[in-house]
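Report on the structure
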Amino acid sequence: MQNKITILGIPFDNMTRKEFLERLYERMNKKEKTFLVTANPEIVMYAHDNPDYYKLLMEADFIAPDGIGIVQASRKLQTPIKERVPGFELMLGLLELASLSNKRVYFIGAKEDIINLTVSNVSEKWPDLEIAGYHHGYFNHEDPQMIEKVKATRPDIVLVAFGFPRQEKWIKSYLAAADYGIAVGVGGSFDVLSGKTKRAPYLVQRFHIEWLYRLVKQPSRYKRMLALPYFIREVYRQNKKEETI
Ligand code: UDP
């Protein structure tokens, strides 16, 4: 089984959710700085078209295959990935782990009311979790003071919910300044954790049609969703190229 599986230039770690959590836990205990990315087809296509963002992703310590689209692409390219590792579930796994092992978590991102609700829901679900701190995501992301503020709370895990590519840019600067910690971009996850946005119902998730569900719920996002057919076309192209080599 290959350790890394490359899809459109992005090297995914071929691990199950459980293996990701084990590796992250090990690194946390060794106080190693860790840049974790959970990449879905939209992120892959954005990196494909934006060299600076691509370079940024190449600095990640782990890239998790977020979404069935990535898993299907890996099968098409005859390098199957073990399983899909949804970013949202990896984040829940990290929270569970942190709560069991007294690790400190900082939450940064989303609107003020959303972050407040997120933190109150999280502390209800994991009463033992050590919340190092939290802050909304609407500040100047270039401001080094915020990095110092977060760092001063000594978090083992920093969950950054600004949406890509903003969150990965901020994480790079944060980790450059921090002494240790895992930092991961979690996109719109706080909107879901806060209870304001519902995750797709079980059956929708089961049949892998979350994209359709989101399109119906938030039609304004259709432009972003065009990334998916574009992704599929590029995967077919990569496959053809490999067949002719
Ligand atoms: N967000 C933020 N700061 C910003 C922009 C967005 O904290 O400067 C948050 C936003 O409130 C939401 C999450 O990032 O909780 C993802 O936002 P969105 O879905 O709009 O991301 P995008 O569409 O840009 O990927």
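A brief look at the structure comes next. (Residues numbered from 1 in each chain as written. Predicted model: local features only at pLDDT ≥ 70, side-chain atom pairs only at ≥ 80, totals over all residues. Heavy atoms only, no water.)

This part takes up empty space enclosed by the protein. According to the stated counting rule, one finds 1 cavity of 30 Å³ or more in the structure shown. By volume, the largest cavity amounts to about 30 Å³. Along its surface, the largest cavity is lined by Leu-36, Thr-38, Gly-87, Leu-90, Met-91, Leu-94, Val-184, Gly-185 and Val-186. Of all the secondary-structure elements, those providing two or more residues to the lining of the largest cavity are β3 (34–39), α5 (87–100) and β8 (182–185). Looking at which element gives the most residues to the lining of the largest cavity, the answer is α5, with 4 residues. Residue classes in the lining of the largest cavity are distributed as 6 nonpolar, 3 polar and no charged. (1 Å grid on protein atoms, 1.4 Å probe; cavity = no way out; pocket = protein on both sides within 12 Å on 5 of 7 lines; lining within 4 Å. Points joined across faces, edges and corners; volume = space filled by probe spheres on them. Helix = DSSP H or I, 4+ residues; strand = E, 2+ residues; numbered from the N terminus. Nonpolar A, V, L, I, M, F, W, Y, C, P; charged D, E, K, R; others polar.)

Before going further, it helps to examine the site of the ligand. Near the ligand, the surroundings consist of 14 residues, among which Ala-110, Gly-137, Tyr-138, Asp-191 and Arg-224 are the closest. Ala-110 is positioned with one of its backbone polar atoms (N or O) 2.8 Å from an oxygen atom of the ligand. Arg-166 is positioned with one of its side-chain polar atoms (N or O) 3.0 Å from an oxygen atom of the ligand. Bound to the protein, the ligand loses 77% of the 530 Å² it would expose on its own. Looking at the shell around the ligand, its residues break down into 4 nonpolar, 5 polar and 5 charged. (Near = heavy atom within 4 Å. Polar contact = N/O pair within 3.5 Å; in protein donor to acceptor, adjacent residues only side chain to side chain. Areas by Shrake-Rupley, 256 points an atom, 1.4 Å probe, with all protein chains shown as cover.)

Structurally, Glu-168 is set in helix α8 (residues 166–177). For the buried residue Glu-168, which engages in no salt bridge, the nearest side chain bearing the opposite charge is Lys-169, 8.7 Å off. Engagement of the side chain of Glu-168 in a polar contact is seen with the side chain of Tyr-53, the distance being 3.0 Å. (Buried < 20%, exposed > 50% of the residue type's maximum accessible area, 1.4 Å probe, protein only. Lys, Arg positive; Asp, Glu negative; His and termini not counted. Salt bridge = Lys/Arg side-chain N within 4 Å of Asp/Glu carboxyl O.)

Quick look at the packing of helix α1 (residues 17–29) against α5 now. It is at 10 Å that the axes of α1 and α5 come closest, and there the two elements cross at 45°. What the angle tells us is that α1 and α5 run oblique. Along this stretch, α1 crosses α5, giving a crossing that reads as right-handed. Facing α1, whose interface residues are Arg-17, Phe-20, Leu-21, Leu-24, Tyr-25 and Met-28, α5 presents Glu-89, Leu-90, Gly-93, Leu-94 and Leu-97. (Axes fitted to C-alpha atoms, helices over the stretch in contact; angles between N-to-C directions. Parallel < 35°, antiparallel > 145°, perpendicular 65-115°, else oblique. Left-handed = near helix turned anticlockwise from the far one by under 90°. Contact = heavy atoms within 4.5 Å.)

Most of β3 sits out of view: 6 of its 6 residues are buried. Burial along β3 is two-sided: Thr-34, Leu-36 and Thr-38 and Phe-35, Val-37 and Ala-39, pointing in opposite directions, are all buried. One ladder, built from 3 bridges, connects β3 with β8; its direction is parallel. Directly across from Leu-36, in β8, lies its bridge partner Val-184. (Pairing = 2+ DSSP bridges.)

Before going further, it helps to spend a moment on the sheet that holds strand β4 (residues 62–65). Reading across from one edge, β4-β3-β8-β7-β5-β6 is the order of the 6 strands in this open sheet, with parallel pairing throughout. At either margin of the open sheet sits one strand with a lone partner, and together these are β4 and β6 (130–135). Pairs of neighbouring strands in the sheet enclose a mean axial angle of 20°, with direction left out of account. Note that β3 and β4 share 4 bridges and pair parallel. Bridge pairing links Ala-39 to Pro-65 in β4.

Before going further, it helps to examine a nonpolar patch on the surface. The grouping of Tyr-202, Leu-203, Phe-207, Ile-209, Trp-211, Leu-212 and Val-216 at the surface amounts to a nonpolar patch, some 760 Å² of accessible area in total. Where the nonpolar patch is concerned, the elements lending two or more residues are α10 (202–206) and α11 (210–217). Examining the composition of the nonpolar patch, we find that 3 residues originate from one element, α11, more than from any other. Mapped onto the elements of the fold, Phe-207 is located in the loop between α10 and α11. (Patch = residues over 30% accessible without salt bridge, like charges linked within 9 Å, V, L, I, M, F, W, Y side chains within 5 Å.)

Turning to the environment of Lys-103, a few remarks are in order. Tracing the sequence through the fold places Lys-103 in the loop between α5 and β5 (104–109). What makes Lys-103 buried here is its relative accessible area of 10%. The sequence separation of Lys-103 and Ile-131 amounts to 28 residues, and the corresponding C-alpha distance is 8.7 Å. Sequence-distant contacts of Lys-103, defined by excluding residues within four places in its chain, comprise Tyr-25, Met-28, Asn-29, Ala-98, Leu-129, Glu-130 and Asp-156. A polar contact is formed between the side chain of Lys-103 and the side chain of Asn-29, at a distance of 2.9 Å.

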